[in-house]
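Each chain, written out:
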Amino acid sequence: EALPFAIGGPSEFVLEEHKPTDGGPKRIIVKDFKTVDGVAENFGVLLGDHLVFINGVSVGAGCRWIGERIVPSLDEVINMMASKDSYPIGLTFARPMGYE
């Protein structure tokens, strides 16, 4: 199945906030996988993929896709993922163009 698709959970990921030097929108990027038994790698999420939605709420590059000007910070994204109200959780990722 091609990205973007929704899988995984917050215990599987080390996320990083990327702020482009050209003033473009911030992005939330998968920096690493934590050492846990998880489904993210099995479903094809790769390092460098962008987290774009949490339960349908846009974050990072997802905000740009739908034209939102206010982008949640990495701390806000982590809080969204840690909130009990977010569960069950759906994380949606996208792969940057030209990235394999």
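Before reading further, recall that the structure is shown in the block above.
Residues numbered from 1 in each chain as written. Predicted model: local features only at pLDDT ≥ 70, side-chain atom pairs only at ≥ 80, totals over all residues. Heavy atoms only, no water.

A.B. asks: Looking at this structure, I do not really get helix α2 (residues 74-82). What am I missing?
C.D. replies: Helical geometry: 3.6 residues make up each α-helical turn, so side chains three or four residues apart lie on a common side. Every buried residue belonging to α2 is among Leu74, Val77 and Met81, and all of these are buried. Buried residues along α2 cover an arc of 60° about the axis, so they all sit on one side. Facing away from the buried side of α2 by more than 90 degrees, the exposed set consists of Asp75, Asn79 and Ala82. The secondary structure elements touched by the buried residues of α2 are β2 (13-18), β3 (27-33), β4 (50-54) and β6 (91-94). (Buried < 20%, exposed > 50% of the residue type's maximum accessible area, 1.4 Å probe, protein only. Helix = DSSP H or I, 4+ residues; strand = E, 2+ residues; numbered from the N terminus. Arc of directions from axis to C-beta. Contact = heavy atoms within 4.5 Å.)

A.B. asks: What is the right way to look at the side chain of Ser58 in this model?
C.D. replies: Structurally, Ser58 can be placed in strand β5 (residues 57-58). By relative accessible area, which is 4% here, Ser58 ends up buried. Separated by 3.1 Å, the side chains of Ser58 and Glu68 make a polar contact. Once residues lying within four places of it in the same chain are set aside, the contact partners of Ser58 are Val52, Phe53, Cys63, Ile66, Glu68 and Pro72. (Polar contact = N/O pair within 3.5 Å; in protein donor to acceptor, adjacent residues only side chain to side chain.)

A.B. asks: I would appreciate a short explanation of the environment of Phe93 in the present structure.
C.D. replies: For Phe93, the location among the structural elements is in strand β6. Judged by relative accessible area, which is 1%, Phe93 ranks as buried. Remark: the alpha-carbon pair of Phe93 and Leu51, spanning 42 residues in sequence, is separated by 4.5 Å.

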